[in-house]
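A closer look at the structure
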Amino acid sequence: MAVTQIVGHWFKGSGNQYTTIDVVVAPIPVYVTAVLHGTAGGGTSYAGIKHFRRRLPSGAEEEVDFGDWPNWPPSVFDRMTRITFGTATTANQSAWLYARFDFWE
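Each value, and the rule that gives it
Residues numbered from 1 in each chain as written. Predicted model: local features only at pLDDT ≥ 70, side-chain atom pairs only at ≥ 80, totals over all residues. Heavy atoms only, no water. Phe/Tyr/Trp six-rings, centres within 6.5 Å; stacked < 30°, edge-to-face > 60°. Helix = DSSP H or I, 4+ residues; strand = E, 2+ residues; numbered from the N terminus. Core = buried A, V, L, I, M, F, W, Y, C linked by side-chain atoms within 4.5 Å. Buried < 20%, exposed > 50% of the residue type's maximum accessible area, 1.4 Å probe, protein only. Contact = heavy atoms within 4.5 Å.

Some words on the packing of aromatic side chains
Taken as a whole, this structure holds eight aromatic pairs when the rule is applied. Taking the centre distance of 4.7 Å and the plane angle of 50° together, the rings of Trp10 and Tyr98 count as tilted. With a gap of 88 residues between them, Trp10 in strand S1 (residues 3-14) and Tyr98 in strand S7 (residues 94-104) connect regions that are remote in the sequence. Taken together, the ring pairs in this structure connect Tyr18, Tyr46, Trp69 and Trp72 into an aromatic cluster.

Things to note about the environment of Gly41
With respect to the helices and strands, the residue Gly41 is situated in the loop between strand S3 (29-40) and strand S4 (46-55). Sequence separation between Gly41 and Gln93 is 52 residues; the distance between their C-alpha atoms is 4.5 Å.

Description of the nonpolar core
Residues Val32, Ile49, Met80, Ile83, Phe85, Leu97 and Phe101 are the most contacted members of the largest nonpolar core, which totals 18 residues. Of all elements in the fold, only S3, S4, strand S6 (75-89) and S7 reach the threshold of two or more residues within this core. Ignoring any residue separated from it by four or fewer positions in sequence, one finds Leu97 in contact with His9, Trp10, Phe11, Ala34, Val35, Ala47, Gly48, Phe85, Gly86 and Thr87.

What follows is the structure, given as structure tokens:
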């Protein structure tokens, strides 16, 4: 297997909440990394992978949810069709997330 394409996405979350973004991809093996790139305001900020949808060999799809922010991994590798990235911030705070996709074939 070899990396065939690398793609990056940026997004920002703010306020006392989770901010999420869903990215839909072709069902091929992909290694995804989420990085907290910057913050503004005081308190704790977190970024990671909140959820993904796995394509099984049968063609069925399986949901993988990591729950609340302390459990969000920074990277996953699987045959995915949708990835949900998230930031967790407190009031008067912003966080920037960079997501990198390495597509394999």
